[in-house]
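Architecture at a glance
The primary structure of each chain is shown beneath.
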Number of protein chains: 2
Amino acid sequence: MSKELNIEWAIERLKEANYKYTDKREALVRYFVDKDRYLSAKDVQEYMSEQFPSLSFDTIYRNLYLFTELGVLESTELNGEKYFHFACRLSGHHHHHFICKNCGKIKALDVCPMSIMGEQLEGYNVETHRFEVYGLCPDCKK
Amino acid sequence: MSKELNIEWAIERLKEANYKYTDKREALVRYFVDKDRYLSAKDVQEYMSEQFPSLSFDTIYRNLYLFTELGVLESTELNGEKYFHFACRLSGHHHHHFICKNCGKIKALDVCPMSIMGEQLEGYNVETHRFEVYGLCPDCKK
DNA sequence: CTCTTTGCAAAACATTTGCATGCCT
DNA sequence: AGGCATGCAAATGTTTTGCAAAGAG
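Please read these numbers as outputs of a predicted model, since none were measured by experiment. (Residues numbered from 1 in each chain as written. Chains lettered and ligands numbered in written order. Predicted model: local features only at pLDDT ≥ 70, side-chain atom pairs only at ≥ 80, totals over all residues. Heavy atoms only, no water.)

1. Digging into the protein's contact with DNA strand C
Rules: For each residue, the test is whether any non-hydrogen atom lies within 4 Å of the molecule or strand; if one does, the residue is near. In protein, a polar contact requires one atom able to donate a hydrogen and another able to accept it; more generally it is a pair of N or O atoms within 3.5 Å, and residues adjacent in sequence count only if both atoms are side-chain atoms.
In the region of DNA strand C, 23 residues are neighbours, and Lys 42 and Tyr 61 of chain A together with Lys 24, Arg 25 and Asp 58 of chain B sit closest. Protein-proximal atoms of DNA strand C, defined as those within 4 Å of the protein, fall in sugar or phosphate at a share of 65%. In the model, a phosphate oxygen of DNA strand C is placed 3.4 Å from a nitrogen or oxygen of the Ser 54 of chain B side chain. One nitrogen or oxygen atom from the side chain of Thr 59 of chain B is found 2.9 Å from a phosphate oxygen belonging to DNA strand C.

2. Describing the side chain of His 85 of chain A
The condition that has to hold: Each helix is a run of H or I in the DSSP string that is no shorter than four residues. Each strand is a run of E no shorter than two, and both are numbered from the N terminus. Between two residues, a contact is recorded if the distance between any of their heavy atoms is within 4.5 Å.
On the secondary structure map, His 85 of chain A appears in strand β3 (residues 81-86). Leaving out residues up to four positions away in the same chain, His 85 of chain A has contacts with Phe 32, Arg 37, Tyr 38, Val 72, Leu 73, Glu 74, His 97 and Ile 106 of chain A.

3. Regarding the domain arrangement of chain A
All names here are of chain A. We count it as follows: What counts as a domain boundary in this text is fixed by an automatic or database domain assignment. Buried area adds together the accessible area that both of two parts lose upon being put together, with accessible area traced by a 1.4 Å probe. Think of a salt bridge as a Lys or Arg side-chain nitrogen and an Asp or Glu carboxyl oxygen that are within 4 Å of each other.
Looking at the assigned domains, one finds that chain A contains domain 1 (3-89) and domain 2 (93-141). Here domain 1 and domain 2 have C-alpha centroids that lie 22 Å from each other. Here domain 1 packs against domain 2, burying approximately 770 Å² in sum over the two surfaces, 55% of which is carbon and sulfur. The largest share of the area that domain 1 buries against domain 2 comes from Arg 37, Tyr 38 and Thr 76, three residues that together contribute 59% of it. The interface formed by domain 1 and domain 2 holds 0 salt bridges in total. At the junction of domain 1 and domain 2, the tally comes to 3 residue pairs in polar contact (both at pLDDT 80 or more).

4. So, the protein's contact with DNA strand D
To keep it simple, the criterion reads: Asp, Glu, Lys and Arg are counted as charged, while Ala, Val, Leu, Ile, Met, Phe, Trp, Tyr, Cys and Pro are counted as nonpolar; the rest, among them Gly, fall into the polar class.
Taken together, 23 residues lie around DNA strand D, and Arg 25, Asp 58 and Thr 59 of chain A together with Lys 42 and Tyr 61 of chain B are the ones closest in. Atoms of DNA strand D within 4 Å of the protein belong to the sugar or the phosphate in 60% of instances, the rest to bases. At 3.1 Å, a side-chain N or O of Thr 22 of chain A approaches a phosphate oxygen of DNA strand D. Contacts to DNA strand D include Tyr 21 of chain B, whose backbone N or O atom sits 3.3 Å from a sugar or linking oxygen. Where the surface near DNA strand D is concerned, the elements lending two or more residues are α2 (23-35) and α4 (57-70) of chain A together with α3 (41-51), α4 (57-70) and β3 (81-86) of chain B. When its residues are assigned to classes, the surface near DNA strand D shows 6 nonpolar, 6 polar and 11 charged.

5. Observations concerning the interface of chain A and chain B
Rules: Pairing between strands is defined by DSSP: at least two bridges between the two strands are required.
Taken residue by residue, the interface counts 38 residues in chain A and 38 residues in chain B. Surface buried jointly by chain A and chain B totals about 3300 Å² across both partners, of which 57% is contributed by carbon and sulfur atoms. Viewed at the interface, chain B and chain A are joined by 2 salt bridges. For the salt bridge of Lys 101 of chain B with Glu 127 of chain A, the shortest nitrogen-to-oxygen distance reads 3.3 Å. Viewed at the interface, chain B and chain A are joined by 20 residue pairs in polar contact (both at pLDDT 80 or more). Among the residues making up the side of chain A that touches chain B, the classes are represented as 19 nonpolar, 10 polar and 9 charged. The pairing of strand β6 (residues 125-136) of chain A with strand β6 (residues 125-136) of chain B spans 11 bridges and is antiparallel.

What follows is the structure in structure tokens.
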């Protein structure tokens, strides 16, 4: 899956939902596609302010949440902060992640714990679940 | 496991670590043992301020983190807020939880996704993981 | 008597909102 | 032109910290 296709796809989703294309939005998506890891709003702002010195936090927040709504990004919380990553359309199937605590890089895991739940939640109304593995990736391990 | 034993155990851990017994700390632990669900600092403060009208947020926060350090409480994050629950010593073995989104009640799950990870994380340094299931408990489902 | 715990207040931090201006379509 | 996007600033909500006073051992 090429980066460009991913970005085009993200822009598509913007337009489908009647949101407008802006260069800032593209730059934001591009950053996530390039990095392919969990990033905080602060990370994004740090990077984006190089290209758009006047870019404000509110715009970043608004766009992070917009893209999350659109399914372009996915988010998780860690240490009181929200982290986002690109929700690649290739991996359209349900999956979970290993997250490197050092660099934030992610690795998709092809197992889902719900598959081994058995009858334990009989009578319960299961809505969502969260499964994430944390540690150091091979690069950061050294 | 009786409530009293759980509370005594928690107080034990305080003393072992050279922290002092106070009535506020006992009341806090007792609240968690009685409720047996995930509670936010706000929940705790709401309840505690009935008994200790002058009790301040800082004390609650400090004690929530203290007990978490001691292994008496465990915490998770949801919607930008931290939630705590009593880490029962009976269930000393590793486990995960179903959490009711409505009442916060928890149910221990006896499966751990790490058992089906296989070789996927070969080369990675796995430190921790998080697995939680959210939904409605049988009572709240109605 | 000493050292921890608490209350108070203020700060820190991430996030959200209102409003006027500016830009995409 | 019209409506969404942005910047600015201020507000919100949660959590943390410094310091002096009160309390446990």
